[in-house]
Amino acid sequence: MNTEPQSSRYSLGLAAEVLASEQSVLRLITRNTPLPELLVEVCRRAEALLGDGASCTILLLDTDGVHVRVGAAPSLPAQYSAAIDGATIGPAAGSCGTAMYERRMVTVEDIETDPLWADYRAIALPLGLRACWSVPFLDDAGAVLGAFAVYHHWPCRPSDQETALLRDIGNSVGLAVHQDRIARQLARSEEHHRLVVNSLSEGILVVSRDGVVIASNPSANRMMRAKGELVGRRLSTVILRKLREDGTPIDPYDWPSRRALDTATPMLDYTVGFGLADGDIIWVRGNAVPIVRPGETQADSVLVSFNDIGPVREAQQQLRYMATRDALTGLYNRRWLGDRMRELFGVRDAAAGPARVAILFIDLVGFKKVNDTAGHDAGDALLRSVASRLAGCADGRYALTRVGGDEFVILVDDCDDPERLAGLAREVIDAIAKPFAIANNEYWLGVSIGISVAPRDGDDAVTLMRNADSAMYDAKQHGRNHFTFFTAQLNLRLQRRFAIEQSLRRALASDMLRLAYQPVVDARTGRTVGAEALLRWTSPELGPMSPAEFIPVAEDTGLIVAIGQWVLETACRQAAEWRRTIAPDLMLAVNLSPRQFHEGLVESVARCLAQTRLDPSALELEITEGVLMNDTDTVLPMLEALTDMNVRISVDDFGTGYSSLAYLKRFPLHNLKVDRSFVSGVPDHHDSVAITQAVVAMAHSLGMKVTAEGVETQAQSWFLQQIGCDMQQGYLFSRPLDPHDYARRLGAA
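Residues numbered from 1 in each chain as written. Predicted model: local features only at pLDDT ≥ 70, side-chain atom pairs only at ≥ 80, totals over all residues. Heavy atoms only, no water.

Novice: What is the right way to look at the overall build of the protein chain in this model?
Specialist: Helix and strand content of the protein chain: 24 helices and 28 strands. The C-alpha radius of gyration of the protein chain comes to 37 Å, more than 25% above the 27 Å expected for a compact globule of 749 residues. Expressed along its principal axes, the backbone C-alpha trace of the protein chain runs to roughly 105 × 90 × 50 Å. Counting across all 749 residues of the protein chain, residues that qualify as buried make up 49%. (Helix = DSSP H or I, 4+ residues; strand = E, 2+ residues; numbered from the N terminus. Rg over C-alpha atoms; globule rule 2.2 N^0.38 Å. Buried < 20%, exposed > 50% of the residue type's maximum accessible area, 1.4 Å probe, protein only.)

Novice: Before we go on, may I ask you to explain the pairing of strand E7 (residues 213-216) in this structure?
Specialist: One face of the sheet, then the other: side chains in a regular strand alternate in exactly this way. For strand E6 (residues 203-208) and E7, the ladder comprises three bridges, and the chain directions are antiparallel. Residue pairing in the sheet places Leu205 in a bridge with Ser216 of E7. Taking the residues between adjacent antiparallel strands as the criterion, E6 and E7 are bridged by four residues, where Gly211 takes a positive phi near 90°. (Pairing = 2+ DSSP bridges.)

Novice: Would you mind showing me how to read the nonpolar core here?
Specialist: As a rule of thumb, nonpolar side chains are buried together in soluble globular proteins. Membership of the largest hydrophobic core comes to 77 residues, with the highest contact counts inside it found for Tyr517, Val590, Phe597, Val605, Leu619 and Leu621. Ranked by residues supplied to this core, first place goes to helix H17 (residues 559-581) with eleven residues. Excluding residues within four positions of it along the chain, Phe597 makes contact with Leu592, Ile623, Val627, Val635, Met638 and Leu639. Formed by 40 residues, the second largest nonpolar core is a distinct cluster that contains Leu360, Ile438, Tyr443 and Val447. (Core = buried A, V, L, I, M, F, W, Y, C linked by side-chain atoms within 4.5 Å. Contact = heavy atoms within 4.5 Å.)

Novice: What am I meant to see in helix H10 (residues 334-344) here?
Specialist: Since there are 3.6 residues in each turn of an α-helix, residues three or four apart along the chain are aligned in direction. Of the residues making up H10, those classed as buried are Trp336, Leu337, Gly338, Met341 and Leu344. Regarding H10, its N-cap is Asn333, as a side-chain oxygen of that residue lies 3.3 Å from the backbone nitrogen of Arg335 further along. (Polar contact = N/O pair within 3.5 Å; in protein donor to acceptor, adjacent residues only side chain to side chain.)

Novice: Explain the confidence of the model for the protein chain here, please?
Specialist: Averaged over every residue, the pLDDT of the protein chain is 88; the share at 70 or more is 93%. Of the regions scoring below 50 in pLDDT, residues 1-7 engages in 14 contacts with residues more than four places distant in sequence or in other chains. (pLDDT = per-residue confidence, 0-100.)

Novice: Would you explain the sheet that holds strand E5 (residues 144-152) in this entry?
Specialist: What links the strands of a sheet is backbone hydrogen bonding, and the strands pair in either a parallel or an antiparallel sense. Ordered by their spatial adjacency, five strands build an open sheet running E2-E1-E5-E4-E3, and the pairing between neighbours is antiparallel. Each of the sheet's edge strands pairs with one partner strand only, and the pair in question is strand E2 (68-72) and strand E3 (106-108). Pairs of neighbouring strands in the sheet enclose a mean axial angle of 25°, with direction left out of account. With three bridges joining them, E3 and strand E4 (residues 131-138) adopt antiparallel strand pairing. Looking at the pairing, Thr107 lines up with Trp133 of E4. Helix-sheet contacts for helix H2 (residues 35-50) involve strand E1 (55-61), E2 and E5, and the interaxial angle to E1 is about 145°. Across the sheet, helix H4 (residues 94-102) touches E1, E2, E3, E4 and E5, and the angle it forms with E4 is around 30°. (Axes fitted to C-alpha atoms, helices over the stretch in contact; angles between N-to-C directions.)

Novice: So what exactly am I meant to see when it comes to the packing of H10 against helix H14 (residues 461-476) here?
Specialist: When two helices pack together, their arrangement is given by the angle between their axes and by how far apart the axes lie. Contact pair H10 / H14: the axes reach a minimum separation of 9 Å and the direction vectors enclose 125°. Comparing the axis directions of H10 and H14 gives the class oblique. Residues Arg334, Leu337 and Met341 of H10 form the contact with H14, whose participating residues are Ala461, Leu464 and Met465. Of the residues that constitute the contact of H10 with H14, the class distribution is five nonpolar, no polar and one charged. (Parallel < 35°, antiparallel > 145°, perpendicular 65-115°, else oblique. Nonpolar A, V, L, I, M, F, W, Y, C, P; charged D, E, K, R; others polar.)

Novice: In this structure, what is going on with the sheet that holds strand E8 (residues 239-243)? I would like to understand it.
Specialist: Pairing in this open sheet of seven strands is antiparallel, and the strands run E7-E6-E12-E11-E10-E8-E9 from one edge to the other. Bordering the open sheet on either side are E7 and strand E9 (249-250), each of which pairs with just one other strand.

Novice: Is there a simple way to think about the packing of aromatic side chains in this case?
Specialist: For any pair of aromatic rings, the description consists of the separation of the ring centres together with the inter-plane angle of the planes. Applying the stated criterion to the full structure yields eleven aromatic pairs. For the ring pair Tyr517 and Tyr742, a centre distance of 6.2 Å and an interplane angle of 40° mean the geometry is tilted. With Tyr517 in strand E20 (residues 514-522) and Tyr742 in helix H24 (residues 739-748), this residue pair connects regions lying 225 residues apart in the sequence. Under the relative-accessibility criterion, Tyr517 is labelled buried at 1%. (Phe/Tyr/Trp six-rings, centres within 6.5 Å; stacked < 30°, edge-to-face > 60°.)

Novice: For this particular structure, what's the right way to read the side chain of Gln574?
Specialist: Its place among the elements puts Gln574 in helix H17. Sequence-distant contacts of Gln574, defined by excluding residues within four places in its chain, comprise Tyr517 and Pro739.

Novice: Explain helix H16 (residues 547-557) to me, please; I cannot follow it from the model alone.
Specialist: Among the residues of H16, those classed as buried are Phe550, Val553 and Ala554. The arc enclosing the buried residues of H16, seen along the axis, measures out at 100°, which places them on a common side. Seen from the open side of H16, the exposed residues pointing more than 90 degrees away from its buried face are Ala548 and Asp556. Just downstream of H16 lies Gly558, where phi reads positive at about 85°. (Arc of directions from axis to C-beta.)

Novice: What exactly am I supposed to notice about the environment of Ala54 here?
Specialist: As for its position among the elements, Ala54 is in the loop between H2 and E1. Its relative accessible area of 9% is what places Ala54 among the buried residues. Between the C-alpha atom of Ala54 and that of Ile214, which follows or precedes it by 160 residues, the distance is 51 Å. Sequence-distant contacts of Ala54, defined by excluding residues within four places in its chain, comprise Glu47, Val150, Tyr151 and His152.

Novice: Looking at this structure, I do not really get the environment of Val561. What am I missing?
Specialist: Here Val561 shows up in helix H17. The exposure class assigned to Val561 is partly exposed, which follows from its relative accessible area of 30%. Sequence spacing of Val561 and Ser593 is 32 residues, and the spatial spacing of their C-alpha atoms is 7.6 Å. Beyond its immediate sequence surroundings of up to four residues, Val561 is in contact with Arg595, Gln596 and His598.

Novice: How do you make sense of unusual backbone geometry when you look at a structure like this?
Specialist: When glycine is set aside, most residues are seen to have a negative phi, and most peptide bonds are trans. Here the residue pair Ala454 and Pro455 is connected by a cis peptide bond, since its omega of 5° sits within 30 degrees of zero. Relative to the elements of secondary structure, Pro455 occurs in the loop between strand E18 (446-453) and H14. Looking along the chain, the bond that leaves Val682 and enters Pro683 is cis, with omega of 0°. Position of Pro683 relative to the elements: it lies in the loop between helix H21 (676-679) and helix H22 (686-701). Its identity as a non-glycine residue notwithstanding, Asp52 has a phi of 50°, on the positive side. Its place among the elements puts Asp52 in the loop between H2 and E1. The class of Asp52 is exposed, set by a relative accessible area of 58%.

Novice: Please explain the pattern of salt bridges as it appears in this structure.
Specialist: Where side chains of opposite charge bring their charged atoms close, a pairing between them can arise. Applying the stated criterion across every chain, the model contains 35 salt bridges. Ionic pairing is found between Arg69 and Asp85, a salt bridge with its closest N-O pair at 3.3 Å. Of the two residues, Arg69 is situated in strand E2 and Asp85 in the loop between helix H3 (78-84) and H4; the sequence distance between them amounts to 16 residues. Across the pair Asp615 and Arg579 runs a salt bridge whose closest N-O atoms are separated by 3.9 Å. Here Asp615 is found in the loop between helix H18 (601-612) and strand E24 (619-623), whereas its partner Arg579 is found in helix H17, with 36 residues between them in sequence. (Salt bridge = Lys/Arg side-chain N within 4 Å of Asp/Glu carboxyl O.)

Okay, structure coming up:
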């Protein structure tokens, strides 16, 4: 049944009525109320809930899956029920027939005009039936059991609340019908077992609710190794414990037979180990079926059937393990890898396309020295530790194999994403780079990793492995802890990205980042009124870095959060100094990354302002349109809290994202920055002129200021001034300046 809280779908009063109705139906089910009586009660309760003269019916689908029978229709004319009894389902078979055929809710507002009722309206209309809403109900396996329907005597459609009610009632009916079918099947099964139980090779036990065996067959006695008769003995004196397939014990209250009794639900095709009184364990595949007597509300016994699969299971497991596992580490071996890759590269249909498989060929650096100096025992222990760490990287998502003495392979199925593979390679490098403690000694290893990706680097197992091996040897040429993609161009790009990340981490830790400040001028007077803080970085290894290259790396790796905090603190400290010594009214704009919008953002800004003693009204935080649109519920409270602190909020690069001024009313915004792509087109480009004028006018109508960025010519500046743009920023006025040059500019103004 639907577990969604009633309060979320119904009014308070109706929710209580629905709950009471569902509870009543459940009580009838648990009391084994005859199905016809139960269905009539469901219809009457549904009619009471729906009101307004609603008439309900329940149709049951025959086992042939085509014909229907009337299960209940207490308020419909008898001649109508007789007319539709035995009807067939189909794509245009009224509301119920169509709902069952198409497995969806069907709402017919007017029977007189709806084409679904072409073959049945002559029956319905003379009886005053004008509207019919029907919802199918299913069993646990998803098979259609029938349909629940509501008729009205006037054309109408269901409200959202009525729709939800129909679905809930349908669920209740489905549960009742499904339970009834199970009960009838069990009754037939019980009779069948009574006739054949003693001739079966499988063990059969009937156990009472208090755990006493009340019936058994010779096969059960033999498998349980019982001395004497089992009947009359407690099962717990014969089976002392039960084990899961992994060997862990099962709590007695969680034994399949106990669960079947407690839930009145069959437990089928399970595998467990029986710990017998003589100390042995036998493995069986079994079924536990609760036996509910007519008129009873719960099962009083359970029928357990089982087959001994122990010898076969043990032999299969041992052979499979020995054939596919490395004896030292327990990882998959080269044979398993070859079989698996041949399976992945096997026959594939055209729709599936070529296999998307990647190989990470991992070679340990420094292992041979350990093996030679500390001995093979230490080497074996070290390999087991390496295998454990690599298994942590694979994390059950990827197949890990040992293919040679100090060589391992990670097989990544259904993946050709180089970024994801590079991330996995970095994870392996980091895991192996940590010291290994073996026999009171500490050992340091590295890895060289070669990566090949199908189908680009090979469309068969042999080629893909060979190319990964070649890439691994190329990685070795660069020293330990490197990875190389077989594709040279992709390899260069990813290696540069990795180098940027590593260098950026060092720069952040070593305080090697710096800020530049680009002046913001008053459009009317040309006076410098503020600045935007811009991040700059020169890498010792890579040279001057463009923000367009290193900022995305910082975003992807999460470094942007720490970098953003450093930028905020540094810029606020600098602005506070300038306001004290040069420009008391100076405004400072700082960009925020979407990743910085976390629980501690507001507190972080407040702490920064307090530490630097910067007036909150002097700080303007720039955000993108995407931040506003992607997570409104999270972002809006933060922006409101920042605004309450008197911090200003500006939307950067406006016009490049969602470009909707309508949503701006929802947020506490103070300023819009028109993107440079529009500014570059004025005053000559008609579309740029129209868009820029519209942005300025709409922003002013909402009480916001407008800043134009990327102003490079006098013509652009003059046009922006004429349309009322408040502030301008760009190379026409100044390039971004280091703090000393910016302070000198302020002092000269």
